[in-house]
Each structure stands twice: as C-alpha cells, then as structure tokens.
Amino acid sequence: MLEIERKFRVKNTTFLSNIKESYKITQGYLNSSEDRTVRVRIKGNQGFLTIKGKSSENGLSRFEWEKEISVLEATELLKLCEDFVISKTRHLFPFNDVVFEVDVFEGANEGLIVAEVELNSENQTFEKPDWLGDELTGDLQYYNSYLSNHPYTTWNR
C-alpha cells in the first residue's frame, strides 16, 4: 500500500505515436488537505475511492489505499467534491522496463501534460524517453489535489 512514483513535465507530444492504451479519467476530491487526500475517480467504466497519505520528505512515496466502487456511486460522490473536477486522458507508454502514465489535462487544466512512472523502490533507475522534461516529483502544485483547487489555466506562467 506504498505508492512510489516520479512525476515529470512532458516537453512534446511525440509519445502519442507509441501509446498502447488510452482512457478518460474524471476525478474529484472529497478532502485535499496536506496530510491526506480522499479522491473519487471514474476511469473508463470503473469507479474508485482512493485515500492517500502525506508524501515523504523527498516526495517519492506515500501511503495509498484504493477500493473499486460502482460508476454510479462514483458519479454521486463526484457531486460532493471540492471545487473543480479534473478531466484528463491518460495514455500508457511502455518504455523499456517501466510504463509511463501520461496525463493530458482538459477543461480548467487544459495545456498541462504530465507523465508519472510508478517504481518498485525509491532508488530504482530507469531510462527516460526524449519527450520527458523537468522532474516535478514533490512539487505540490502539480498534484491533482492542488490542480482541483487551483486549475492550471489560472496560473501566472
């Protein structure tokens, strides 16, 4: 139940020619405090309730608990969520020994493209594709819970 991941900005969309799977995600937050988040998500034709703990000091890992719920339950819970509900398309990009999950945000977060890679340990090494940009791991403003309250389109960039 420990999630270990690194997050990166995406420099360009050349990854799109090599994706293996894509699906829509709609998610919102019932709670988005720094110590814990409670997320409701519809991913394709599945619903999920997820609780995440506070990130480690280096931002690489945190507690995560997830339970599948019905899409109907998730749809009803989304009505109770804070501020903005996040919409994005997730593209899966296998690259050597890892799979990058590339999120192309829509709506209030349009223009933001972020890639995450889940790891088995904090010191696991992996090769980075050339479209991968600056590392965002541990940068709280790129957490989805932050984006749900402070959409990317409102940032002064």
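Look up: the structure comes first, before these words.
A brief structural summary. (Residues numbered from 1 in each chain as written. Predicted model: local features only at pLDDT ≥ 70, side-chain atom pairs only at ≥ 80, totals over all residues. Heavy atoms only, no water.)

## So, the pattern of salt bridges
Then step 1. Inspection of every chain in the model, using the stated rule, returns 13 salt bridges.
Then step 2. Among the ionic pairs, E106 bridges to K24, the shortest N-O distance being 2.8 Å. Placement of E106 in the loop between β7 (98-105) and β8 (113-118) and of K24 in strand β2 (residues 21-32) is noted, with a sequence separation of 82 residues between them.
Then step 3. We note a salt bridge from K54 to E34, for which the minimum N-O separation is 3.6 Å. In this pair, K54 is assigned in the loop between β4 (46-53) and β5 (61-69) and E34 in the loop between β2 and β3 (36-43), connecting sequence segments 20 residues apart. (Salt bridge = Lys/Arg side-chain N within 4 Å of Asp/Glu carboxyl O. Helix = DSSP H or I, 4+ residues; strand = E, 2+ residues; numbered from the N terminus.)

## As for the side chain of K88
Then step 1. Turning to its location among the elements, K88 is positioned in strand β6 (residues 86-95).
Then step 2. The exposure class assigned to K88 is buried, which follows from its relative accessible area of 0%.
Then step 3. Within polar-contact distance, the side chain of K88 engages the side chain of D103 at 2.9 Å.
Then step 4. Ignoring any residue separated from it by four or fewer positions in sequence, one finds K88 in contact with Y23, K24, I25, Q27, R41, D103, V104, F105, E106 and N144. (Buried < 20%, exposed > 50% of the residue type's maximum accessible area, 1.4 Å probe, protein only. Polar contact = N/O pair within 3.5 Å; in protein donor to acceptor, adjacent residues only side chain to side chain. Contact = heavy atoms within 4.5 Å.)

## Thoughts on the packing of aromatic side chains
Then step 1. In this structure the tally under the stated criterion is 10 aromatic pairs.
Then step 2. Taken together, a centroid distance of 5.8 Å and an interplanar angle of 75 degrees make the contact between F100 and W131 edge-to-face. Of this pair, F100 sits in strand β7 while W131 sits in the loop between β8 and β9 (132-135), placing them 31 residues apart in sequence. Per residue, the accessibility class of F100 equals that of W131, and both read buried. (Phe/Tyr/Trp six-rings, centres within 6.5 Å; stacked < 30°, edge-to-face > 60°.)

## Focus: the layout of surface pockets
Then step 1. Looking at the largest pocket, its volume works out to about 420 Å³.
Then step 2. If you go around the largest pocket, you meet 30 residues; those closest to its centre are E3, E5, R39, K52 and E116.
Then step 3. Broken down by secondary-structure element, the contributors of at least two residues to the lining of the largest pocket are β1 (2-10), β2, β3, β4, β5, β8 and α2 (144-147).
Then step 4. Looking at the lining of the largest pocket, its residues break down into 6 nonpolar, 9 polar and 15 charged.
Then step 5. Of the voids in this model, the second largest pocket is the one considered here, and its volume is about 310 Å³. (1 Å grid on protein atoms, 1.4 Å probe; cavity = no way out; pocket = protein on both sides within 12 Å on 5 of 7 lines; lining within 4 Å. Points joined across faces, edges and corners; volume = space filled by probe spheres on them. Nonpolar A, V, L, I, M, F, W, Y, C, P; charged D, E, K, R; others polar.)

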